[in-house]
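Geometric and topological summary
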Amino acid sequence: MGLKITVERTTAPKQKPDTSKLSFGKHFTDHMFIMEYDTGMGWHDPRIVPYQPISLDPAAKVFHYGQTVFEGMKAYKTPEGPVLMFRPFKNLQRLNRSNARLSIPSLDEDLIMEGLKQLIKIDEDWIPTAQGTSLYIRPFVISTQATLGVAPSESYYFIIILSPVGSYYEEGINPVSIYVESEYVRAVTGGVGNAKTGGNYAAGLKAQQEATEKGYSQVLWLDGVHRKYIEEVGSMNVFFKVAGKVITPALNGSILDGVTRDSVIRVLKHWNIEVEEKTISIDEIVEAHRTGALEEAFGTGTAAVISPIGELNWQGDKLTLNGGQTGPLSSRVYDFITGMQRGTIEDPLGWIVKL
């Protein structure tokens, strides 16, 4: 690992929020991890410091060319006390894949994991324990070189911040209504749709805003070329159960390789439930609904884990799924994965990391 992580503890601890009223991403812990990169030096000076603003030159490239990536993961405190993390190295590996796509220097995953463990230990008493709560972890990289030349930055910050959170959706595990987007496009193959970078999310805000105004929680994205093949739902991957088989869009270069997506696929196979990664058209889903073969659908992601879909609006037609109720498979997957994450269910797949 090589580099030594230094620690500066806060002298002014914050007041912790009421854990019974936690929303998502509004509160932040007392400390953060930061490390810098400079051409010729590489990544250097890893440290844990009091949570604080960062100072950047107005010409920093992140402001102008969007050279930035991020990740999202969670830590949980078990009833017995140990802190658990769910497949954290999968997130760090994906972070480096995003780095490669955005021409950002690779990070030492072992060093980052050690820094993350130390940071969580220092702020461990911020981890909420109420049902549906967790400690959200946000690692990110920003380009900091102060020049307007269009080229990869020669300097960066890598930072990790922590946030005690409640459920991502106010609806919780209850079904949400989804508007199938036919005008706006999130990403295309060959672009950066398979990287976790800020521009992907900015590109989705307009469609999300319009869907919200129509009374829908999220949008279902179609591909950017044919405008007919399903890709993601909001900022999540999506699954459908059709005639007993589970299908999900195959990774095609514009779809994010979600850690929860991969986990759901592996859990289903562990249960001997047939699951297929394939190209899925919206017409196929509409026809499955018409014939009664579409049994349920759900989104998957770190923040929500499982988000059941109760209704799809496609060109004005409202398709109700499973009577607008959470499907049995959605509930089973949610209970199993969250049970593993919280340490209340045995982990048969070797995914949990104890701190």
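If you're wondering where the values come from, they're calculated on a predicted model, not measured in any experiment.

A separate point is the overall build of the chain. Looking only at helices and strands, one finds seven helices and 18 strands in the chain. Counting only C-alpha atoms, the chain reaches 60 × 50 × 35 Å along its principal axes. Counting all 355 residues of the chain, 52% fall into the buried class. For the chain, contacts bridging at least 24 residues in sequence account for 70% of all contacts bridging at least 6. Accessible area for the chain stands at about 15,500 Å²; split by element, carbon and sulfur atoms hold 48% of it. Distance between charge centroids for the chain: 1 Å, based on 35 positive and 41 negative side chains.

Turning our eyes to something else, we now look at the packing of helix α2 (residues 88-101) against helix α3 (residues 109-122). It is at 10 Å that the axes of α2 and α3 come closest, and there the two elements cross at 130 degrees. Judged by the angle between their axes, α2 and α3 are oblique. The way α2 lies across α3 gives a crossing that is right-handed. Here P88, F89, L92, Q93 and N96 of α2 come into contact with α3, specifically with E109, D110, I112 and M113.

Right, let's get into the pairing of strand β17 (residues 317-320). Consecutive residues of a regular strand have side chains that alternate between opposite faces of the sheet. By the bridge criterion, four bridges tie strand β16 (residues 305-314) to β17 in an arrangement that is antiparallel. Residue pairing for β17: N313 is matched across the bridge by K318. A loop of two residues connects β16 with β17, the two strands running antiparallel in sequence, and Q315 in this loop sits at a positive phi of about 55 degrees.

Checked against the element boundaries, S98 lands in helix α2. If sequence neighbours within four positions are ignored, S98 has contacts with V69, A195 and K196.

This part takes up the UniProt feature "modified residue: N6-(pyridoxal phosphate)lysine" (unreviewed entry) in the chain. Under the present numbering, the feature "modified residue: N6-(pyridoxal phosphate)lysine" (unreviewed entry) in UniProt falls on K196. The residue K196 is located in the loop between β9 (176-180) and α4 (198-213) in this model. What makes K196 buried here is its relative accessible area of 10%. Not counting residues up to four positions away in its chain, the partners in contact with K196 are V69, F70, E71, G72, R94, S98, Y201 and L256.

About the cut-offs
Residues numbered from 1 in each chain as written. Predicted model: local features only at pLDDT ≥ 70, side-chain atom pairs only at ≥ 80, totals over all residues. Heavy atoms only, no water. Helix = DSSP H or I, 4+ residues; strand = E, 2+ residues; numbered from the N terminus. Buried < 20%, exposed > 50% of the residue type's maximum accessible area, 1.4 Å probe, protein only. Contact = heavy atoms within 4.5 Å. Areas by Shrake-Rupley, 256 points an atom, 1.4 Å probe, with all protein chains shown as cover. Lys, Arg positive; Asp, Glu negative; His and termini not counted. Charge placed at Lys NZ, Arg CZ, Asp CG, Glu CD. Axes fitted to C-alpha atoms, helices over the stretch in contact; angles between N-to-C directions. Parallel < 35°, antiparallel > 145°, perpendicular 65-115°, else oblique. Left-handed = near helix turned anticlockwise from the far one by under 90°. Pairing = 2+ DSSP bridges. UniProt positions renumbered as here; feature names shortened; annotations may be inferred.

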